[in-house]
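Coordinates in review
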Amino acid sequence: QQTIQAINDNPQRHQLFATWIGKMFAKGKHDNHYMSVGIISTKIAEKVAELSNNERVVEHLLVMGEKNFTHANSPRHHRDNIALSKDEFTTLPKIISKPTVVLWDKTEKHKNLIYIDKSQMIKVVVDMPIKKVKLEPQEKLDILINALKIKDYNDILGKIRRGDYIVVEGEP
């Protein structure tokens, strides 16, 4: 766990991700390449297995694909005022490293992890794909499928109260 946290907290790795994000903003067309965002801890991985009845398996390496970036930075997200700025995108490794809270979305439609940074009001959604995801190079990875602004934190708290979200780690 200490090794995972040391890797997640590494400023050089954070800078590499920030450089990659800068390239994504400057690039017109995105393909199937990806960049490491962080490592999912063993504690969280074990909790995911427990909560999903071993249906979802965490591969531990969390990446953001270029097409996932395109989705997160989509015109629709900008229109809805939930798109992240370039600077906010660069903080994703830090959010994975030290989230306010990690949630499990247990709804049938999703079944994925959500990392929350309450101070920035950012939600990072992570999928543990069951089928192969088209990435280059092809690896078994966990995919950051979305990163967006939280409009109303009470919505998150309501989903926790209703039981749609289960707290995996941290305090909401």
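Before reading on, note that the structure itself is shown above.
Just so you know, these numbers come straight off a predicted model, no measurement behind them. (Residues numbered from 1 in each chain as written. Predicted model: local features only at pLDDT ≥ 70, side-chain atom pairs only at ≥ 80, totals over all residues. Heavy atoms only, no water.)

A closer look at the overall build of the protein chain
Regarding its fold elements, the protein chain presents eight helices and seven strands. Computed over C-alpha atoms, the radius of gyration of the protein chain comes to 15 Å, within 12% of the 16 Å expected from 2.2 N^0.38 for 172 residues, which places it in the range of a compact globule. With respect to the principal axes defined by its C-alpha atoms, the protein chain has extents near 40 × 35 × 30 Å. With 172 residues in all, the protein chain has 48% of them scored as buried. A separation of at least 24 residues holds for 67% of the contacts in the protein chain among residues at least 6 apart in sequence. Carbon together with sulfur atoms contributes 51% to the accessible area of the protein chain, which is approximately 9,200 Å² in total. (Helix = DSSP H or I, 4+ residues; strand = E, 2+ residues; numbered from the N terminus. Rg over C-alpha atoms; globule rule 2.2 N^0.38 Å. Buried < 20%, exposed > 50% of the residue type's maximum accessible area, 1.4 Å probe, protein only. Contact = heavy atoms within 4.5 Å. Areas by Shrake-Rupley, 256 points an atom, 1.4 Å probe, with all protein chains shown as cover.)

Considerations on the sheet that holds strand β4 (residues 112–117)
Taken in spatial order, the seven strands line up as β1-β2-β6-β5-β4-β3-β7 in an open sheet, and their pairing is mixed. Strands with a single pairing partner mark the edges of an open sheet, and in this sheet they are β1 (34–39) and β7 (165–170). In this sheet, neighbouring strand axes are inclined to one another by 30° on average, regardless of whether the strands run parallel or antiparallel. The pairing of strand β2 (residues 61–65) with strand β6 (residues 142–149) spans two bridges and is classified as parallel. (Pairing = 2+ DSSP bridges. Axes fitted to C-alpha atoms, helices over the stretch in contact; angles between N-to-C directions.)

Regarding the pairing of β4
Here β4 lies mainly inside the structure; six of its six residues are buried. On β4, burial covers both faces: Asn112, Ile114 and Ile116 on one face and Leu113, Tyr115 and Asp117 on the other are all buried. Of the strand pairs in this sheet, strand β3 (residues 101–105) and β4 are connected by five bridges, and their pairing is antiparallel. Paired with Leu103 across the two strands is Ile114, which belongs to β4. Relative to strand β5 (residues 122–127), β4 runs antiparallel, the two being bridged by five bridges. Within β5, the position partnered with Asp117 by the bridge is Ile122. Linking β4 to β5, which pair antiparallel, is a turn of four residues; within it Met121 sits at a positive phi near 55°.

A word on the nonpolar core
In this structure, Met64, Phe89, Leu92, Leu113, Tyr115 and Val124 are the most contacted members of the largest nonpolar core, which totals 30 residues. Once you skip the residues sitting within four places of it in the chain, Leu113 turns out to touch Ile40, Ile44, Val48, Val102, Leu103, Trp104, Val124, Val125, Val126, Met128 and Val168. If you look at the next biggest cluster of nonpolar residues, it comprises 10 residues, including Leu103, Ile156, Ile160 and Tyr165. (Core = buried A, V, L, I, M, F, W, Y, C linked by side-chain atoms within 4.5 Å.)

What to know about helix α2 (residues 11–26)
Given a rise of 1.5 Å per residue, 16 residues ought to cover 22 Å, and the 23 Å separating the end C-alpha atoms of α2 matches this to within 8%. By the burial criterion, the buried members of α2 are Arg13, His14, Phe17, Ala18, Trp20, Ile21, Gly22 and Met24. Against the buried residues of α2 lie α1 (2–8), β1, β2, α4 (66–72), α6 (86–90) and α7 (92–97). Capping of α2 at its N-terminal end is provided by Asn10; its side-chain oxygen lies 2.7 Å from the backbone amide nitrogen of Gln12. (Expected span 1.5 Å × (residues − 1). Polar contact = N/O pair within 3.5 Å; in protein donor to acceptor, adjacent residues only side chain to side chain.)

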